[in-house]
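Analysis of the macromolecular model
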Amino acid sequence: MAERQATIASSSGLHARPAKLFVQAVQEKKLPVTIAAAGGPDLNAGSILSLIGLGAAKGSVVTLKAEGEGAEKALDELVALLETDLDAQ
């Protein structure tokens, strides 16, 4: 099991465009990836509804977990996506 923490950089947090791009990236990894806000339950990171329920906003710290071959590299790429200000692009 690999685990990483990320600080969300987009002002719209995990809503709208950032969430869609993140879900798409998670699904491309084909790994069971979860995401959780501090003290919260692990949610399926491949589900847009889970991310909206997370309610994370800019500056929120979240924890990503994944298992399987390539999990560490996949999480590094997902952290980089979360820590990029997608609103500025």
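Residues numbered from 1 in each chain as written. Predicted model: local features only at pLDDT ≥ 70, side-chain atom pairs only at ≥ 80, totals over all residues. Heavy atoms only, no water.

The terminal C-alpha atoms of helix H1 (residues 16-29) lie 21 Å apart, and with 14 residues this matches the ideal 20 Å at 1.5 Å per residue to within 8%. Listed as buried for H1 are Pro18, Ala19, Phe22, Val23, Ala25 and Val26. Along H1, the residues classed as buried sweep out an arc of 165° about the axis, all on the same side. Looking at H1, the residues exposed on the side facing more than 90 degrees away from the buried face are Ala16, Lys20 and Glu28. Among the structural elements, strand E2 (33-37), helix H2 (48-54), strand E4 (61-66) and helix H3 (71-82) are those in contact with the buried residues of H1. Where H1 ends, the next residue or the one after it, lysine 30, has phi of about 55°, a positive value. (Helix = DSSP H or I, 4+ residues; strand = E, 2+ residues; numbered from the N terminus. Expected span 1.5 Å × (residues − 1). Buried < 20%, exposed > 50% of the residue type's maximum accessible area, 1.4 Å probe, protein only. Arc of directions from axis to C-beta. Contact = heavy atoms within 4.5 Å.)

Remember that the coordinates give geometry; whether it matters functionally is a separate question.
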